[in-house]
Amino acid sequence: MMTAAQMRAARALLGIDQKTLAELSGVSLPTIQRMEASEGNVRGVVDSLTKVVEALDRAGVELIGENAPSTGGGRGLRLKPPKPPGRP
């Protein structure tokens, strides 16, 4: 699974816009826009999701699942779990 936040972050890391991701993946721009507007996990047709993930992979982005180790050796980042309210 890929989250909408991961999808937006992947585009930001690559320095591409939604239109370019649509072209790289062979998925329509409105589909990319809907995917990125999702709450939590991206919703969409499995084939479209697969195309986007494969396009990001070809472009050099490794998507890391929650609690999964990174298999790559390059630079990257991971979101920490949110802190409870009132904690610094």
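Reading the values: the criteria
Residues numbered from 1 in each chain as written. Predicted model: local features only at pLDDT ≥ 70, side-chain atom pairs only at ≥ 80, totals over all residues. Heavy atoms only, no water. Helix = DSSP H or I, 4+ residues; strand = E, 2+ residues; numbered from the N terminus. Buried < 20%, exposed > 50% of the residue type's maximum accessible area, 1.4 Å probe, protein only. Contact = heavy atoms within 4.5 Å. Areas by Shrake-Rupley, 256 points an atom, 1.4 Å probe, with all protein chains shown as cover. Lys, Arg positive; Asp, Glu negative; His and termini not counted. Charge placed at Lys NZ, Arg CZ, Asp CG, Glu CD. Core = buried A, V, L, I, M, F, W, Y, C linked by side-chain atoms within 4.5 Å. Axes fitted to C-alpha atoms, helices over the stretch in contact; angles between N-to-C directions. Parallel < 35°, antiparallel > 145°, perpendicular 65-115°, else oblique. Nonpolar A, V, L, I, M, F, W, Y, C, P; charged D, E, K, R; others polar. UniProt positions renumbered as here; feature names shortened; annotations may be inferred.

An unreviewed UniProt entry annotates the protein chain as Transcriptional regulator originating from Zavarzinia compransoris.

Structural notes on the overall build of the protein chain
A count of helical and extended segments in the protein chain gives four helices and zero strands. N-terminal to C-terminal, the α/β element order of the protein chain is α-α-α-α. The principal-axis extents of the C-alpha atoms in the protein chain amount to approximately 45 × 30 × 25 Å. Residues classed as buried in the protein chain amount to 25% of the 88 residues present. At a minimum sequence separation of 6, the contacts of the protein chain that also span at least 24 residues come to 52%. In the structure as shown, the protein chain presents an accessible area of about 6,500 Å², 55% of it carried by carbon and sulfur atoms. For the protein chain, the separation between the mean place of its 12 positive charges and that of its 9 negative charges on side chains is 8 Å.

Comments concerning the nonpolar core
Membership of the largest hydrophobic core comes to 15 residues, with the highest contact counts inside it found for Met2, Met7, Leu21, Ile32, Val42, Val52 and Leu56. Where this core is concerned, the elements lending two or more residues are α1 (4–14), α2 (18–25), α3 (29–37) and α4 (46–59).

What to know about the packing of α2 against α4
It is at 8 Å that the axes of α2 and α4 come closest, and there the two elements cross at 100 degrees. Put simply, α2 runs roughly perpendicular to α4. Together, Leu21, Leu24 and Ser25 of α2 and Lys51, Val52, Ala55, Leu56 and Arg58 of α4 make up the contact between the two elements. Class assignment for the residues of the contact of α2 with α4 results in five nonpolar, one polar and two charged.

Overview of the UniProt feature "domain: HTH cro/C1-type" (unreviewed entry) in the protein chain
UniProt annotation of "domain: HTH cro/C1-type" (unreviewed entry) refers to residues 7–36 when read in the numbering used here. Counting secondary structure, residues 7–36 comes out at 80% helix and 0% strand; the distance between its end C-alpha atoms is 7 Å.

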